[in-house]
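In case you want the letters, here they are:
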Amino acid sequence: MREHAVVIGTNNHLPEGSPPSLFEQTYQVCWRPWLSTLYRFPDIASAIHYSGTVLAWLQAHHPEFIMLLEEMSSRKQIEVIGGGYFAPIMPIIPSADRVGQLEFLSTLIRKLLGRRPRGAWLHEFAWEPSLVSTYNACGFDYTFLPAALFVKSGLDPAQPVLTEDQGKNLCVFPVIDPQGMGDQMTDLGGLFRHHFDERNEAKIGLLMISDVNLVQTWQNSTFESPDVLYETMFASLRKAGDIIETVLPMRWMRTMDAPARGYFSCSCSPRLAAACSGPSLKGLASEDLVVLTPRRLLLQHPESRALYSKMQFVRILVGQLRGDKSRKKSAQEEVWRAQCGDAYWEGAAGGILTLSVRSAAWSALIEAERFARQKGSFVPGIIRADIDLDGEKEILFQGVNYDAHVRLGEAALAEFDSFKSLTNYINSMDGEQRGDCLECFVDSLDDKRQFSPRKARRGFSAYQLQDGGKPSMTASFKGKVSGDSQGGLRDVDITKIYSFRRENLGLSWNLINETDETASFRFVTELNLTAGKSGLDSAVRAGERVANGFDVMDAPSLLAFSFENSTSRERLDFRSDSPFALLTFPLALPSLKGEAGASEWQGTRLLIGWDVNLEAGAIETISLTLELAQL
């Protein structure tokens, strides 16, 4: 063996919900040219990781790629590395699911290539010490962590170490961070020469390049094709062959001396750490951020916490399924699909900010819940449970066609799941509002015949759940709704009642004027709805009028409207006994592609307003019915 050993490889992943065109584009720019170019350099060994999502797509759409992968694996030119099938952030999923995801991908690799992987990739280097026992139980011998974490742990950043948990060992390789290298990656030989010149005692250097980095390197280069770029990279490695030898991780482990022992604190990649840091930690250097616990990502986006809470609740339902092993296995796989790490933070390419990624995770959880229901024994009903893990029990209606989760406080609908289309219709995000998930049936007051320009209608209602005594299909709340009306702040006492039925959801508000004067105002309830992947997939239709953007149907003359979901051929029909006005406008986030002034559609906000004249001591009832229907 030459003076220095090098492990060079790639980690490849696209999140669940990514469009097929993105898979094909990444295949043509990265996955195919990297492997086919490497094939022409048989003296260069490479370690490669594919998430289960990518590997299953390659198997279905490019079987010739799998054949090449199998041939290169058999001749020991490449070592395919395992990991979590759906690239989860390991610390935020339960231990049983960690094992399930690891075994799920190992099984697929063994099926395709005839051997189990011995190493495991850790998505975004999201590390906790207890993962040693998990990886060991799944038969893994090694994993990778950033070299910066070695430094923070008082370890040599150029030597593997043996770490331990509960008497179980795992070898950990230090990985050079490729972020910000730019053109340096085209001269890998020079890069590693410099690496070893700086560390005279170093025996090994590791560089694992993500497909995102490779695509960006190609896009920023002047090479006429990605094949030429990768050929240049491999040629530079071959040119440095006098002192550098590329090796596979398992081969190195068999030949190296007993490594030093070391321990690591909770940590994650610099990119995930920066996303987890929050405003209070923005001043810390990147090398200090890597020791943050990955669980902090659940603090940055309320949508992430909502998805995480739903995942934990559905896991309980799946765990209670008995008798039908096939059904339970299918339900478990859908839960794992929903654990795709990108859906819980911004990721390398948008992650949770991408509607299709969020929608894919919700769809998988709704499917898992459908699988978990016992055939012939499921009974619709209302349960009180702490669904969102905030320490307070909420209202959850579990129906045949839909689920509805009502959060206390504003008595707003936080989740509305259709089991026919596998859609959570309350899955919007708004670039102008952070801190709370967008909800439906958020109440406030305005002046008559107008909608306030206020976009975020939070803090204008406060309700208390009323104990109904006997079990029923209703949930009653009592409280006050506030707003600017008649030139000042006004309060109205309201009883808000949800009625859950098989085919629809009914909602009524009993408005009570307990003052000595007549009250005139517009009672407004806000909806935030989403469906599909873009604004073209949905529309608000009131009779012959269709609203695709900002639109005011202001004269209080409407009695019904629909929110259409063209993707799944489903619509939400809204009907009222009292005429109302309607305001609609799109919800959006700034373009993830960095285009100045551009935005990406996230959903539609609808304000429904009823003009009310309420005499002193009088009561008026407003009702609204929501029904699922097929287009």
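See above for the structure.
To start, this report covers the structure provided alongside it. (Residues numbered from 1 in each chain as written. Predicted model: local features only at pLDDT ≥ 70, side-chain atom pairs only at ≥ 80, totals over all residues. Heavy atoms only, no water.)

### Quick notes on the overall build of the protein chain
Then comes step 1: Summing up its helical and strand segments, the protein chain has 15 helices and 27 strands in all.
Then comes step 2: Taken over C-alpha atoms, the radius of gyration comes to 28 Å for the protein chain, in line with the 25 Å a tight globule of 631 residues would show.
Then comes step 3: Viewed in the frame of its principal axes, the protein chain has a C-alpha envelope of about 95 × 55 × 45 Å.
Then comes step 4: Burial status across the protein chain gives 59% buried among its 631 residues.
Then comes step 5: Looking at the protein chain as shown, the accessible area adds up to about 25500 Å², and 50% of this sits on carbon and sulfur atoms.
Then comes step 6: Averaging the positions of the 65 positive and the 78 negative side-chain charges in the protein chain gives two centres separated by 6 Å. (Helix = DSSP H or I, 4+ residues; strand = E, 2+ residues; numbered from the N terminus. Rg over C-alpha atoms; globule rule 2.2 N^0.38 Å. Buried < 20%, exposed > 50% of the residue type's maximum accessible area, 1.4 Å probe, protein only. Areas by Shrake-Rupley, 256 points an atom, 1.4 Å probe, with all protein chains shown as cover. Lys, Arg positive; Asp, Glu negative; His and termini not counted. Charge placed at Lys NZ, Arg CZ, Asp CG, Glu CD.)

### Quick notes on the sheet that holds strand S15 (residues 423-424)
Backbone-to-backbone hydrogen bonds join strands into a sheet, with any given pair of strands oriented parallel or antiparallel.
Then comes step 1: Pairing in this open sheet of five strands is antiparallel, and the strands run S11-S12-S13-S14-S15 from one edge to the other. The strands lining the two open edges of the sheet, one partner per strand, are strand S11 (381-385) and S15.
Then comes step 2: The pairing of S11 with strand S12 (residues 394-398) spans five bridges and is classified as antiparallel. In the sheet register, Gly381 faces S12, and the bridge partner there is Gln398.
Then comes step 3: Relative to S12, helix H13 (residues 302-319) is tilted by about 50°, and along the sheet it contacts S11, S12, strand S13 (402-407) and strand S14 (412-418). (Pairing = 2+ DSSP bridges. Contact = heavy atoms within 4.5 Å. Axes fitted to C-alpha atoms, helices over the stretch in contact; angles between N-to-C directions.)

### Digging into the sheet that holds strand S7 (residues 168-175)
Then comes step 1: Strand order in the open sheet formed by four strands is S5-S7-S6-S10, with mixed pairing between adjacent strands. Whereas interior strands pair on both sides, the edge strands pair on one side only; in this sheet they are strand S5 (142-146) and strand S10 (260-261).
Then comes step 2: Pairing geometry for strand S6 (residues 161-165) and S7, over five bridges, is antiparallel. When the bridges of S7 are listed, Asp165 appears paired with Lys168.

### A short note on helix H11 (residues 270-277)
Then comes step 1: Listed in full, the buried residues belonging to H11 are Leu272, Ala273, Cys276 and Ser277. For H11, the angular spread of buried residues about the axis comes to 135°, placing them on one side. (Arc of directions from axis to C-beta.)

### Some remarks on the side chain of Thr423
Then comes step 1: With respect to the element layout, Thr423 can be found in strand S15.
Then comes step 2: Overall, Thr423 belongs to the buried group, its relative accessible area being 12%.
Then comes step 3: Reaching out from Thr423, the side chain makes a polar contact with the side chain of Ser421 at a distance of 3.1 Å. (Polar contact = N/O pair within 3.5 Å; in protein donor to acceptor, adjacent residues only side chain to side chain.)

### Some points on the pairing of strand S26 (residues 599-614)
Then comes step 1: Taken across its 16 residues, S26 has 12 buried, putting it largely inside the fold.
Then comes step 2: Examined bridge by bridge, strand S21 (residues 519-529) and S26 share 11 bridges and lie antiparallel to one another. Bridging from a neighbouring strand, Leu529 pairs with Thr604 of S26.
Then comes step 3: Examined bridge by bridge, strand S25 (residues 570-590) and S26 share 10 bridges and lie antiparallel to one another. Counted as the bridge partner of Ala581 is Gly609 from S26.

### Digging into the packing of helix H1 (residues 20-39) against helix H8 (residues 211-219)
Then comes step 1: As a packed pair, H1 and H8 sit with axes 10 Å apart at the nearest point and diverge in direction by 100°. By the angle between their directions, the pair H1 and H8 is classed as roughly perpendicular. Here Gln25, Thr26, Val29, Cys30, Trp31 and Trp34 of H1 lie close against H8, whose contacting residues are Asp211, Leu214, Val215, Trp218 and Gln219.
Then comes step 2: Classifying every residue of the contact of H1 with H8 gives seven nonpolar, three polar and one charged. (Parallel < 35°, antiparallel > 145°, perpendicular 65-115°, else oblique. Nonpolar A, V, L, I, M, F, W, Y, C, P; charged D, E, K, R; others polar.)

### So, the nonpolar core
Then comes step 1: Residues Phe144, Leu145, Phe264, Leu297 and Tyr344 are the most contacted members of the largest nonpolar core, which totals 70 residues.
Then comes step 2: Ignoring any residue separated from it by four or fewer positions in sequence, one finds Leu297 in contact with Ile89, Ile92, Leu272, Cys276, Ser304, Tyr344 and Trp345.
Then comes step 3: Counting residues in each nonpolar core, the second largest holds 53 residues, with Leu14, Phe41, Phe65 and Met72 among its members. (Core = buried A, V, L, I, M, F, W, Y, C linked by side-chain atoms within 4.5 Å.)

### Considering the environment of Glu439
Then comes step 1: By secondary structure assignment, the location of Glu439 is in the loop between S15 and strand S16 (442-446).
Then comes step 2: Assessed through its relative accessible area of 7%, Glu439 is described here as buried.
Then comes step 3: Linking Glu439 and Val400, residues 39 residues apart in sequence, is a C-alpha distance of 22 Å.
Then comes step 4: Here the side chain of Glu439 touches Arg407 through a polar contact of 2.5 Å, side chain to side chain.

### Thoughts on the packing of aromatic side chains
Then comes step 1: Using the criterion set out here, one finds 35 aromatic pairs in the structure.
Then comes step 2: Both rings, one in Tyr142 and one in Phe144, keep their centres 5.6 Å apart while their planes meet at 90°; by these two values the pair is edge-to-face.
Then comes step 3: On the basis of an interplanar angle of 65° and a centroid distance of 5.9 Å, the ring pair of Phe580 and Trp610 is categorised as edge-to-face. Here Phe580 is found in strand S25, whereas its partner Trp610 is found in strand S26, with 30 residues between them in sequence. Of the two residues, Phe580 and Trp610, both sit in the buried class.
Then comes step 4: Grouping aromatic residues by their ring pairs yields a cluster made of Phe397, Tyr402, Phe416, Phe441, Phe477, Tyr498 and Phe500.
Then comes step 5: The ring of Phe371 has Arg370 sitting right over it, with the charged end atom 5.2 Å from the ring centre.
Then comes step 6: Of note, Arg522 hangs over the ring of Phe451, and the distance from its end group to the ring centre comes to 4.7 Å. (Phe/Tyr/Trp six-rings, centres within 6.5 Å; stacked < 30°, edge-to-face > 60°. Lys NZ or Arg CZ within 6 Å of the ring centre and 35° of its normal.)

### Quick word on unusual backbone geometry
Phi is mostly negative for residues that are not glycine, and the peptide bonds are mostly trans.
Then comes step 1: Non-glycine residue Gln166 carries a positive phi angle of around 55°.
Then comes step 2: Relative to the assigned elements, Gln166 resides in the loop between S6 and S7.
Then comes step 3: A relative accessible area of 67% means that Gln166 is categorised as exposed.
Then comes step 4: For Leu422, which is not glycine, the phi dihedral falls at a positive 55°.
Then comes step 5: Within the secondary structure, Leu422 sits in the loop between S14 and S15.

### Concerning the state of the cysteines
Then comes step 1: For the structure shown, the criterion picks out zero disulfides.
Then comes step 2: Unpaired in terms of disulfides, Cys138 finds its nearest cysteine sulfur in Cys171, a separation of 17 Å.
Then comes step 3: In this structure Cys138 comes out as buried when scored by relative accessible area, which is 3%. (Disulfide = S-S within 2.5 Å.)

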